[in-house]
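# Fold and geometry: a report
Listed below are the residues making up each chain.
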Amino acid sequence: MAVTFDLFGTLVDVEYPTDPAEIVARELESRDVAVPDDWHVAYGERHVDAPEGAEVPLPAHVAAALDSRGVDAPDNVVRHAVVAAFDPDVTRRENALEAVRTAADRGPVGICSNCAVPELVPRTLIRAGLRGEFDAVTTSVGCGWRKPHPKAFEAAAESLGVAPSALVHVGDDPATDGGVVEVGGRFLDVTEIPLESVGGELEAEP
């Protein structure tokens, strides 16, 4: 058995931007990128053709949105702007560390998180005091697939050296995290089973 945890909303709470297009625009402008007048429209459009369930890194989306309006910006500038825009305050949820360490007593433990922003997950783990607690960290921006797509869970399982059917995934969203059951794993919903009870649920695993 191996255990993966969702990050945002499960182990940590973060303050998300209320207007992501606007905050990205500010970061672009601070780097001398000419943001088009209809930026909010461009930001909300689909610009990258990707298979269903695939993750489009947010810097790629932003660069394509700018390009759609005739604005050419260096990739590294766009990436730095996006990373800076999504740099939230982080609060570790009560009993999160204890739940992770209890899971680690049972076998390999990892993160399996949807996140389109490069660097955000490692930075969040540092700020939450969770760096070094996991054997592997799988993100959608890293593996290319978003939960609930099976390939996201397959990538997480591979990183921990187990079959997907051996995964127990702990998360807060049945629509995404619950996708683990499609690969034969088990889903623990922290909206129904609090973090302090995860250890007991894992003890019940064969």
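Residues numbered from 1 in each chain as written. Predicted model: local features only at pLDDT ≥ 70, side-chain atom pairs only at ≥ 80, totals over all residues. Heavy atoms only, no water.

## Here's the deal with the overall build of the protein
To keep it simple, the criterion reads: The helix and strand labels rest on DSSP assignments: H or I over at least four residues marks a helix, E over at least two residues marks a strand, and numbering proceeds from the N terminus. Accessible area is worked out with a 1.4 Å probe on protein chains only. A residue is then buried under 20% of its type maximum, exposed over 50%, and partly exposed in between. Any two residues whose heavy atoms approach within 4.5 Å at even a single point are treated as in contact. In this description, accessible areas are obtained by the Shrake-Rupley approach with a 1.4 Å probe, and a residue is regarded as covered only by the protein chains that are shown.
Secondary structure assignment for the protein yields 9 helices and 7 strands. Principal-axis analysis of the C-alpha atoms places the extent of the protein at approximately 60 × 30 × 25 Å. When each of the 206 residues of the protein is scored for burial, the buried share is 48%. A sequence separation of at least 24 residues applies to 68% of the contacts in the protein between residues at least 6 apart. Surface summary for the protein: the accessible area is close to 9800 Å², and the carbon and sulfur share equals 46%.

## Some points on the domain arrangement of the protein
We apply this condition: As used throughout, domain bounds are those supplied by an automatic or database domain assignment. By convention, the term buried area covers the 1.4 Å-probe accessible surface removed from two parts as they join, with the contributions of both added. What counts as a salt bridge is simple: a side-chain nitrogen of Lys or Arg found within 4 Å of a carboxyl oxygen of Asp or Glu. Definition of a polar contact: a pair of N or O atoms within 3.5 Å, with one able to donate and the other able to accept a hydrogen when the atoms are protein atoms, and with sequence-neighbouring residues admitted only if both atoms are side-chain atoms. In the scheme used here, Gly and all other residues not listed as nonpolar or charged are polar, with Ala, Val, Leu, Ile, Met, Phe, Trp, Tyr, Cys and Pro taken as nonpolar and Asp, Glu, Lys and Arg as charged.
For the protein, the assigned domains are domain 1 (2–15 + 90–204) and domain 2 (20–86). A C-alpha centroid distance of 28 Å is found between domain 1 and domain 2. Tallying the contact residues gives 13 residues for domain 1 and 13 residues for domain 2. Here domain 1 packs against domain 2, burying approximately 1000 Å² in sum over the two surfaces, 62% of which is carbon and sulfur. The largest share of the area that domain 1 buries against domain 2 comes from Ala116, Val117 and Pro118, three residues that together contribute 41% of it. Between the two partners, domain 1 and domain 2, sit 2 salt bridges. Of the charged contacts, one joins Arg79 and Glu119 as a salt bridge, the two residues approaching to 3.5 Å between their closest N and O atoms. Remark: the boundary between domain 1 and domain 2 carries 5 residue pairs in polar contact (both at pLDDT 80 or more). Elements that contribute at least two residues to the side of domain 1 that touches domain 2 include exactly α6 (120–127) and α7 (140–143). The residue makeup of the side of domain 1 that touches domain 2, split by class, is 7 nonpolar, 3 polar and 3 charged.

## Some points on helix α3 (residues 58–68)
The condition is simple: The directions considered for the arc are those from the helix axis to the C-beta atoms.
Taken together, the buried positions of α3 are occupied by Leu58, Pro59, His61, Val62, Ala65 and Leu66. Projected down its long axis, α3 carries its buried residues within an arc of 160°, all on one side.

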